[in-house]
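Residue strings, one per chain:
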Amino acid sequence: MGPFLLVQTLWLFLPAYVANMAPVLAMKLAPGWSAPIDGGRLWRDGRRVLGAGKTWRGLGAACVAGALAAMSQSLVRTTAWDLSDFAYTASGGMGGPLLLGLALGLGTAVGDAVKSFFKRRTGRVGGAPWVPFDQLDFVVGGLAFGAAASWLLAATGATRDDWFSSEFLGGRWPVLVVLFVATPLLHFVVNVIGFKLRLKKVPW
Ligand code: CTP
Ligand code: MG
């Protein structure tokens, strides 16, 4: 890690960032596929379990986007900025990046949905702001699923290294600090742009 800590951190977590944006784009591309994950069911409090904003379409889009991002990144080799190349496969193939990216994407969607569950319990309607949980839900979810998947991949010998522990732990803990500080700021900027482009109904 060096002076490019921010760039390195963003590159490292790019599959999760891309995955977190994918559901909004998928909504524009396939507005008809709006089947909600909670099946329209209500919780004991009479409110939706997750809400109409959490769809299977969004969850699927996040998985696909995460996998595509990690696979694309694994093709980029750069020594200059010491950027993680996501090439954690023993054979050097695409299996590792694909599964790791898929897990990161799924993790962002699950983190977002778990956030929505608690958000509904607090009485906030879909689309209402809930700082800082709206901004960090996918970071927590992505890290948790990424950690589990990379440990599993390394333990089974599918990949030569444990992506999560070699990129985020030990002396590289500043990456985690940058991730939690920079993400809400970045999230805000991206959402204002999405709002201006009329992709999002609200600027958060
Ligand atoms: N989206 C989706 N499926 C998901 C997540 C998001 O289809 N699993 C789409 C929905 O159209 C949603 C939009 O992306 O309205 C914005 O996502 P987000 O801000 O996460 O959802 P909100 O509608 O704000 O709902 P909540 O209040 O529960 O966060
Ligand atoms: Mg929201």
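Predicted, not measured: the structure shown is a model, and the values here were computed from it.

*Asks:* Sorry, what's going on with the site of ligand 1 here?
*Replies:* In the vicinity of ligand 1 there are 19 residues, among which Lys54, Thr55, Ser116, Lys119 and Arg120 approach most closely. Contact distances for ligand 1 include 2.5 Å between an oxygen atom and a side-chain N or O atom of serine 116. Within the complex, the protein chains bury 84% of what would otherwise be the 570 Å² of accessible surface of ligand 1. Secondary-structure elements contributing two or more residues to the shell around ligand 1 are α2 (14–29), α3 (56–75) and α4 (95–121). Of all the elements, α4 adds the most residues to the shell around ligand 1, at five residues. Looking at the shell around ligand 1 residue by residue, the class counts come to five nonpolar, six polar and eight charged.

*Asks:* What is the right way to look at the environment of arginine 124 in this model?
*Replies:* Its place among the elements puts arginine 124 in the loop between α4 and α5 (133–155). For arginine 124, a relative accessible area of 31% gives the class partly exposed. Here the alpha-carbon distance between arginine 124 and tryptophan 43, two residues 81 residues apart in the chain, equals 14 Å. In terms of polar contacts, arginine 124 uses its side chain to reach the side chain of threonine 122, at 2.8 Å.

Scoring rules and cut-offs
Residues numbered from 1 in each chain as written. Chains lettered and ligands numbered in written order. Predicted model: local features only at pLDDT ≥ 70, side-chain atom pairs only at ≥ 80, totals over all residues. Heavy atoms only, no water. Near = heavy atom within 4 Å. Polar contact = N/O pair within 3.5 Å; in protein donor to acceptor, adjacent residues only side chain to side chain. Areas by Shrake-Rupley, 256 points an atom, 1.4 Å probe, with all protein chains shown as cover. Helix = DSSP H or I, 4+ residues; strand = E, 2+ residues; numbered from the N terminus. Nonpolar A, V, L, I, M, F, W, Y, C, P; charged D, E, K, R; others polar. Buried < 20%, exposed > 50% of the residue type's maximum accessible area, 1.4 Å probe, protein only.

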